Protein chains: 2
Amino acid sequence: MKVKGVNLGNWLVLEKWMSPALFEGTTAEDEYHLPRQLSREVYEARIKIHRSEYITERDFVSIKAMGMEAVRIPVPYFIFGDREPFIGCIQELDKAFNWAEKYGLEVLIDLHTAPMGQNGFDNGGICGVCRWSQCPEEVEFVLSVLERLAKRYGTRKGLWGIEVLNEPITEHAWKLMDVPNRYPAAEPEMAEGSGPNSLEFLRDFYCRAYDRIRTYLPEEKYVVIHDGFELLAWKDFMREEKYVNVVLDTHQYLMMAEAEGCAQELDAYRDYIEAHYKKDIREMQQYFPVICGEWCLFNSLACGCDTKGGQSVLNGVEGSSGERLDAEEKKRIYRAVAEAQMDAWNQGSGYFYWSYKLLTDTVNDKGWIGWDSWDLGRCADFGWFPTER
Amino acid sequence: MKVKGVNLGNWLVLEKWMSPALFEGTTAEDEYHLPRQLSREVYEARIKIHRSEYITERDFVSIKAMGMEAVRIPVPYFIFGDREPFIGCIQELDKAFNWAEKYGLEVLIDLHTAPMGQNGFDNGGICGVCRWSQCPEEVEFVLSVLERLAKRYGTRKGLWGIEVLNEPITEHAWKLMDVPNRYPAAEPEMAEGSGPNSLEFLRDFYCRAYDRIRTYLPEEKYVVIHDGFELLAWKDFMREEKYVNVVLDTHQYLMMAEAEGCAQELDAYRDYIEAHYKKDIREMQQYFPVICGEWCLFNSLACGCDTKGGQSVLNGVEGSSGERLDAEEKKRIYRAVAEAQMDAWNQGSGYFYWSYKLLTDTVNDKGWIGWDSWDLGRCADFGWFPTER
């Protein structure tokens, strides 16, 4: 098995930096606080227009033309519309399945958020709050969402698999990312007691999730588990025969390599990819099919400034004030890191680029030069990313 | 001069069929009635998210990658925000200029609507109402908008030209389109007295508009006039030396050829294009540089049903209930009509495709099979439209 795909990030799970207009006029930094700062009418109007315009049939045609085979669709825990004040989005996912099947693409459903937070990231839905695994009733809620998703889509031709939870954070990443400071909680009392998930908890959760969804999921569909930022920690896991077609998902960003000390130079990126991504994936591929479910071309070298581990003006990091590299130089860097990374993912079972699209404006908004490399559409059009077109 | 471009339709001037979600929960069929059926807050939220998501920096990158050189941007008469309850959009046009200049594209500003209507089409802003030319104060208002646009953008590197008014309708087209029945007025009393514009009025208006904007527009920028659906009527017009770089814009759609009696067969389309588009453009090119400012691949043959001159479920015409042609057959038809039409536009000074993007869903909404051919992005990705990629 080898998959070539792209994430539909920021469609059904919001990230402020990817579409700032949705957050205009509020101080909300995450999806949790958005409906709490807008009237019901305005929240609904913004969200519904966003969902109807951000990703459409047209994008599935475009993704297919790029030579992709699958899309990973982040969905929120409130997808079924049973968690006020949020508005459900199961109809949007239904449409996506129809588009995917029409144009010969497959869907990996990715549960991207959990109530009370599984990582404290903005993209986990609530900044600085990471207490989900301490709330048994919310763990059960998440299992019930997964079960309902499996029931609804389990036998769809267009289903590739279900990822039971995106990026539940563990010890090392919690410290490396310095979550409480990088993603300060808007309501400190909600964040109290936040901390990383234990690997022990995750192992137990993954087994329970597997059982709950495999009931509805034919064996040829994949159950995907995220490595919790500890790719090598899963060797003894799910070795029993009953676990079939379990895929291990690891996310690798060069900005995190930089945070781990990798120099901001092309050769250093290549060496790091070789010594870590490639080596570790090859090793873990003996245990599970390994995918890199999130990665991109973004790096500080091509940005023309140190992004301090992928921080932006939203984190108070300034960014380049003007283009420091010419177009050819940028292309050379991006093509090289694309090639090196794809070579690593090919040691495993493939990849999903993060992300297909972002609205981030590098021309009219200050501080975003270089951030267009998160956008696969732009990468393809600039010739940074090799496509079949 | 030869231009190869695409329209950014439905971004700053709305058309319901191109983004139905904006009109959800209302009975509005046009932009005039939308803010009159929504609360101010909801109208503003919908419009602002639409404008911030529908066309972005990303699209300029994509258009450039397709090999296009220019974009025609339809703008409404209320662009400067001085016509309540509408919300202005001059900031969006400012952004578009910055994107265009960054990526080496040029902008044709196209004033697409006039108060009280210049054609009675939905895309003219108000269905069934065509009285603008009878209201001298509104004619003056339109001239003042053109003047302000010329003042603001006249010396911008990214400006290709200004089109003084889109599709002011005249006698023959008014009858052929059967405007009052095809686009029934929501408030019949507003439509009272509606009728086609006279060529005499248009000639006078174009001369006044030329004088008003040329003051601010360096001579190398184009002033574009629409032919009022009478391509051959402009031979004696603006022959005086003072008129410099005036471009004549004609819009040619195969659906209108069908309405004029052209059979719904490939050879008939080719013959019609040869006998009318090509011949007439060649003739008029002696007087003005002629562009085809709107055209597309859409035709009844490829739809698999008679669209009765491009009518849809919105007009009560059913459309195909399923795909009647296979992918290869569709591609053959579309590539052939693309080639024949581009050959005709090359007799003149080039073209702008209508349109770059539409959200029309051919999979989840009934009746829209075949309407994806209005969408240049999809046409390129399907291989229907030849691009440089």
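Residues numbered from 1 in each chain as written. Chains lettered and ligands numbered in written order. Predicted model: local features only at pLDDT ≥ 70, side-chain atom pairs only at ≥ 80, totals over all residues. Heavy atoms only, no water.

Thoughts on the relation of the copies chain B and chain A
Under the fitted operation, chain B is carried onto chain A by 0.0 Å of movement along the axis and a turn of 180°, and the coordinates agree to an RMSD of 0.0 Å. Such a combination of rotation and displacement between the chain copies is what one expects of a two-fold axis. Here 100% of the contact residues of chain B are again contact residues in chain A; the copies associate through an equivalent surface. (Least-squares fit on C-alpha atoms with pLDDT ≥ 70 in both. Contact = heavy atoms within 4.5 Å.)

Some thoughts on the interface of chain B and chain A
Taken together, the contact pairs 39 residues of chain B with 39 residues of chain A. Here chain B meets chain A over a buried area of about 3400 Å², counting both sides, of which 57% is carbon and sulfur. When residues of chain B are sorted by the area they lose upon contact with chain A, Ile49(B), Glu53(B) and Arg58(B) head the list and together hold 21% of the total. Here chain B and chain A share six salt bridges between them. Arg378(B) is the salt-bridge partner of Glu57(A), the closest N and O atoms lying 3.2 Å from each other. Counting across the chain B and chain A interface gives 16 residue pairs in polar contact (both at pLDDT 80 or more). (Buried area = accessible area lost by both parts, 1.4 Å probe. Salt bridge = Lys/Arg side-chain N within 4 Å of Asp/Glu carboxyl O. Polar contact = N/O pair within 3.5 Å; in protein donor to acceptor, adjacent residues only side chain to side chain.)

Digging into empty space enclosed by the protein
The tally for this structure, following the rule as stated, stands at three cavities of 30 Å³ or more. The volume enclosed by the largest cavity comes to roughly 260 Å³. Looking at the largest cavity, it is lined by 24 residues, and the ones nearest its centre are Arg58(A), Ser62(A), Tyr356(A), Arg58(B) and Ser62(B). Here the lining of the largest cavity is composed, by residue class, of six nonpolar, five polar and 13 charged. Estimated volume of the second largest cavity: approximately 80 Å³. Together, 14 residues line the second largest cavity, and Tyr77(A), Phe86(A), Thr113(A), Gly124(A) and Gly125(A) are the ones closest to its centre. Classifying every residue of the lining of the second largest cavity by side-chain character gives ten nonpolar, three polar and one charged. (1 Å grid on protein atoms, 1.4 Å probe; cavity = no way out; pocket = protein on both sides within 12 Å on 5 of 7 lines; lining within 4 Å. Points joined across faces, edges and corners; volume = space filled by probe spheres on them. Nonpolar A, V, L, I, M, F, W, Y, C, P; charged D, E, K, R; others polar.)

Examining the side chain of Asn10(B)
All names here are of chain B. One can find asparagine 10 in the loop between strand S1 (3-7) and helix H1 (34-37). Note on asparagine 10: relative accessible area 1%, which makes it buried. Among the polar contacts listed, one links the side chain of asparagine 10 to the side chain of serine 19, at a separation of 3.0 Å. Sequence-distant contacts of asparagine 10, that is, excluding residues within four places in its chain, are made with Glu15, Met18, Ser19, His50 and Tyr54. (Helix = DSSP H or I, 4+ residues; strand = E, 2+ residues; numbered from the N terminus. Buried < 20%, exposed > 50% of the residue type's maximum accessible area, 1.4 Å probe, protein only.)

A short note on helix H4 (residues 90-103) of chain B
All names here are of chain B. With 14 residues, H4 should cover 20 Å at 1.5 Å per step; its first-to-last C-alpha distance of 20 Å lies within 8% of that length. Where H4 is concerned, the buried positions are Ile90, Glu92, Leu93, Asp94, Ala96, Phe97, Trp99, Ala100 and Tyr103. Just beyond H4, the residue with positive phi is glycine 104, at close to 70°. (Expected span 1.5 Å × (residues − 1).)

Observations regarding helix H2 (residues 40-54) of chain A
When the terminal C-alpha atoms of H2(A) are compared, their 21 Å separation across 15 residues agrees well with the 21 Å that a helix rising 1.5 Å per residue should span. Within the span of H2(A), buried status applies to Val42(A), Tyr43(A), Ala45(A), Arg46(A), Ile47(A), Ile49(A), His50(A), Arg51(A), Glu53(A) and Tyr54(A). Of the surrounding secondary structure, the elements contacted by the buried residues of H2(A) are helix H1 (34-37), helix H3 (57-65) and helix H4 (90-103) of chain A together with helix H2 (40-54) of chain B.

Focus: the packing of aromatic side chains
Residue and element names in this part refer to chain B. In the structure shown here, the tally under the stated rule is 74 aromatic pairs over all chains. Here tryptophan 17 and tryptophan 368 contribute two aromatic rings whose centre-to-centre distance is 6.2 Å and whose plane-to-plane angle is 15°, an arrangement assigned as stacked. Linking tryptophan 17 in the loop between S1 and H1 with tryptophan 368 in the loop between strand S8 (350-353) and helix H14 (376-382), this pair joins segments that are 351 residues apart in sequence. Side by side, tryptophan 17 and tryptophan 368 carry an identical accessibility label, which is buried. Centre to centre, the rings of tyrosine 353 and phenylalanine 385 are 5.5 Å apart; their planes meet at 80°, and the pair counts as edge-to-face. Here the residue tyrosine 353 occupies a position in strand S8, and phenylalanine 385 occupies one in the segment after H14, the gap between them amounting to 32 residues. For the pair shown, tyrosine 353 and phenylalanine 385 are each scored as buried. (Phe/Tyr/Trp six-rings, centres within 6.5 Å; stacked < 30°, edge-to-face > 60°.)

Some remarks on the packing of H4(B) against helix H5 (residues 136-153) of chain B
Residue and element names in this part refer to chain B. Two numbers describe how H4 lies on H5: the axes approach to 12 Å, and their chain directions differ by 35°. The element H4 and its partner H5 pack so that their crossing is right-handed. On the side of H4, the interface is formed by Ile90, Leu93, Asp94 and Phe97, while H5 contributes Leu149, Arg152 and Tyr153. In terms of residue class, the contact of H4 with H5 is made up of five nonpolar, no polar and two charged. (Axes fitted to C-alpha atoms, helices over the stretch in contact; angles between N-to-C directions. Left-handed = near helix turned anticlockwise from the far one by under 90°.)

Side note on the pattern of salt bridges
Enumeration according to the criterion identifies 54 salt bridges over all chains in this entry. Here Glu147(B) ties to Arg212(B) by a salt bridge, and the two come within 3.1 Å at their closest N and O atoms. With Glu147(B) in helix H5 and Arg212(B) in helix H9 (residues 199-214), this pair connects stretches of sequence that are 65 residues apart. A salt bridge links Lys279(B) to Asp280(B); the nearest nitrogen and oxygen atoms lie 3.6 Å apart. A network of salt bridges, in which partner residues are shared, links Arg72(A), Asp110(A), Glu163(A), Asp249(A) and Glu294(A).

Digging into the nonpolar core
Counting residues in hydrophobic clusters, the biggest one holds 279 residues, and the most contacted among them are Phe205(A) and Phe205(B). Contact partners of Phe205(A), with chain neighbours within four places excluded, come to Trp132(A), Val139(A), Val142(A), Leu143(A), Leu146(A), Val164(A) and Leu165(A). (Core = buried A, V, L, I, M, F, W, Y, C linked by side-chain atoms within 4.5 Å.)

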